[in-house]
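Close look at the chain arrangement
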Amino acid sequence: MSDETPAAGAPDVPPDHLAIDPSSPHFDADLLRRGIGIRFKGAVRTNIEEYCISEGWVRVQAGRTMDRHGRPLTLKLNGPVEAWFEDLGEDAPVAKA
């Protein structure tokens, strides 16, 4: 995830890599507050913990199982990923590989 702001006229799209875990280096509270929509393998998903568009994967929670540190265990699923900001409405620009 870069700290660059989009240039004038550039589409307002989410970063390539984003996570909801505050301890992750890819966490960004301001972006998450806007609301990120994720489409994985053609279906809109609401249970994504982390995603990477360029590498084509998402992480989802593995049931209610926790690791030894009390964090949820996650599964890495591979496939096409698309992301958009939900606060921009239905015609929001979509970030995809």
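Structure report, in brief.

As a further point, take the environment of Leu-32. You can see Leu-32 is positioned in helix H1 (residues 29–34). Judged by its relative accessible area of 25%, Leu-32 is partly exposed. Leu-32 has contacts with Leu-18, Ala-19, Ile-20 and Phe-27, leaving out every residue within four places of it along the chain.

This part takes up the packing of aromatic side chains. Each aromatic ring pair is characterised by the separation of its centres together with the angle its planes make. For the coordinates displayed, the defined rule picks out zero aromatic pairs. When the ring centre of Phe-85 is taken as reference, the NZ or CZ atom of Arg-34 above it lies at 3.8 Å. Note that Lys-76 overlies the ring of Trp-57, its terminal NZ or CZ placed 4.8 Å from the centroid.

Turning our attention to the sheet that holds strand S7 (residues 81–85). The strands making up a sheet are joined through hydrogen bonds of the backbone, oriented either antiparallel or parallel. What the four strands build is an open sheet, ordered S3-S2-S7-S8; its pairing is antiparallel. The open sheet is flanked by strand S3 (43–45) and strand S8 (95–96), the only strands paired with a single partner.

Analysis parameters
- Residues numbered from 1 in each chain as written.
- Predicted model: local features only at pLDDT ≥ 70, side-chain atom pairs only at ≥ 80, totals over all residues.
- Heavy atoms only, no water.
- Helix = DSSP H or I, 4+ residues; strand = E, 2+ residues; numbered from the N terminus.
- Buried < 20%, exposed > 50% of the residue type's maximum accessible area, 1.4 Å probe, protein only.
- Contact = heavy atoms within 4.5 Å.
- Phe/Tyr/Trp six-rings, centres within 6.5 Å; stacked < 30°, edge-to-face > 60°.
- Lys NZ or Arg CZ within 6 Å of the ring centre and 35° of its normal.
- Pairing = 2+ DSSP bridges.

Note that every value here comes from positions in space, so none of it alone points to a role or purpose.
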